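Chain by chain, the residues run as shown.
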Amino acid sequence: MQGKLFCGYCGSPMVAESGRSSTGNVYYYYSCAKRNKHRDCKKKNEKKDFIEWYIVEQICEYVLEPKRLEYIAGRVVETYNADLGNEAVEELEKRLRSIDAELDKVTTAIINATTRGVIDRMNERAEALELEKADAEIDLARLRVAAGIKLQETEVAAFLRGFCQGDPLDLDFRRKIIDAFLNSVYLYDDKLVMYFNVKDGKQISFIEMLSDSEEPGGEDYIEDENSSSLNGGGSSANR
Ligand SMILES: [Zn+2]
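Quick notes on the rules
Residues numbered from 1 in each chain as written. Predicted model: local features only at pLDDT ≥ 70, side-chain atom pairs only at ≥ 80, totals over all residues. Heavy atoms only, no water. pLDDT = per-residue confidence, 0-100. Helix = DSSP H or I, 4+ residues; strand = E, 2+ residues; numbered from the N terminus. Contact = heavy atoms within 4.5 Å. Expected span 1.5 Å × (residues − 1). Buried < 20%, exposed > 50% of the residue type's maximum accessible area, 1.4 Å probe, protein only. Core = buried A, V, L, I, M, F, W, Y, C linked by side-chain atoms within 4.5 Å. Phe/Tyr/Trp six-rings, centres within 6.5 Å; stacked < 30°, edge-to-face > 60°.

**As for the confidence of the model for the protein chain**
Low pLDDT marks stretches whose predicted atomic positions should not be read closely.
(1) Moving on: Here the protein chain averages 82 in pLDDT, and 84% of its residues register 70 or above.
(2) Moving on: Taken element by element, the protein chain is modelled with least confidence in strand β7 (residues 221-224), mean pLDDT 50, and with most confidence in strand β1 (residues 5-7), mean pLDDT 96.
(3) Moving on: A low-confidence stretch, residues 215-221 stays under pLDDT 50, and its non-local contacts, those more than four residues away or across chains, total 16 contacts.
(4) Moving on: Note on residues 224-239: pLDDT under 50 across the span, and 36 contacts to partners over four residues away in sequence or across chains.

**Some thoughts on helix α4 (residues 87-112)**
(1) Moving on: Spanning 26 residues, α4 covers 38 Å between terminal C-alpha atoms, matching the ideal 38 Å at 1.5 Å per step.
(2) Moving on: Val 89, Leu 92, Leu 96, Ile 99, Leu 103 and Val 106 are the residues of α4 that are buried.

**Observations concerning the nonpolar core**
Nonpolar side chains in soluble globular proteins tend to be buried together.
(1) Moving on: With 36 residues, the main nonpolar core has Ile 55, Ile 59, Ile 177 and Phe 181 as its most contacted residues.
(2) Moving on: Elements that contribute at least two residues to this core include exactly β1, β3 (26-32), α2 (48-64), α3 (66-85), α6 (153-163), α7 (171-181), β5 (182-187) and β6 (192-196).
(3) Moving on: If you tally residues by element for this core, the top one is α2, at ten residues.
(4) Moving on: Once residues lying within four places of it in the same chain are set aside, the contact partners of Phe 181 are Ile 59, Val 63, Leu 160, Phe 163, Cys 164, Tyr 195, Phe 196 and Asn 197.
(5) Moving on: Grouped together as the second largest cluster of nonpolar side chains are eight residues, Tyr 188, Val 193, Ile 204 and Met 209 included.

**Side note on the packing of aromatic side chains**
(1) Moving on: Counted by the stated rule, this structure contains nine aromatic pairs.
(2) Moving on: An angle of 80 degrees between the planes, with centres 5.1 Å apart, marks the rings of Tyr 9 and Tyr 188 as edge-to-face. Placement of the pair is Tyr 9 in the loop between β1 and β2 (14-20) and Tyr 188 in the loop between β5 and β6, with a sequence separation of 179 residues.
(3) Moving on: By relative accessible area, which is 28% here, Tyr 9 ends up partly exposed.
(4) Moving on: Residue classification places Tyr 188 among the buried positions, given a relative accessible area of 10%.
(5) Moving on: Ring geometry for Phe 50 versus Tyr 54: centroids 5.9 Å apart, planes at 20 degrees, classification stacked. With Phe 50 and Tyr 54 both in helix α2 and four residues apart, the pair spans about one turn of that helix. Across this residue pair, the class does not change: Phe 50 and Tyr 54 are buried.

Here it is as structure tokens:
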């Protein structure tokens with residue numbers, strides 16, 4: 001989860017650390033990098049296992065909320081169908097045109113060649129281009145077939161429901177959920193602000209987070225105002 005976790009007070013990354021208790025047990029936590037280095041941020045440490053569990057639990061709850069699930073499925077379908085119809089096909093058609101143009105040039109070069117060496121080199125190049133062209137044509141044919149198969153919102157919703165079915169205590173399940181949905185989390189001592197992955201996958205900067213927080217109601221984040229329970233370890237599970 002490191003790399004997606006930030007301090008809500010100063011925007012620094014929260015880094016994974018470990019320590020040893022007086023009884024000799026090793027414990028793991030996340031700590032604000034600025035506080036670690038210069039001691040000038042007030043963010044308290046977060047127990048690693050708890051905060052990861054809590055975030056995954058919150059993500060699943062967020063995604064599975066029926067109205068939101070419908071919205072996400074709608075966006076997935078929209079993006080998928082748009083990509084198939086346009087960008088990917090256009091990209092391949094462009095590649096095919098440029099291969100054809102280069103093939104023309106190579107053919108001209110072969111016709112005008114005066115030495116054996118040049119002819120051999122050009123023949124090799126022509127063969128490579130023909131192979132590349134055949135590959136691109138297969139890809140294009142596949143895409144055109146796929147474009148005819150429209151994704152249904154109900155299918156996507158069912159998939160998401162299945163995808164989010166798991167135990168937040170399970171580390172593999174945690175990783176899967178975090179990879180798929182989480183853009184970044186800003187941790188305060190009494191709340192957290194979570195950003196979900198959007199299409200371009202850009203990470204939300206501290207400044208963007210602050211300007212977002214001033215006007216709540218954005219579509220891609222949740223703010224958890226349930227105070228004083230985040231640092232409480234086991235007890236804070238009862239929310
Ligand atoms: Zn900080």
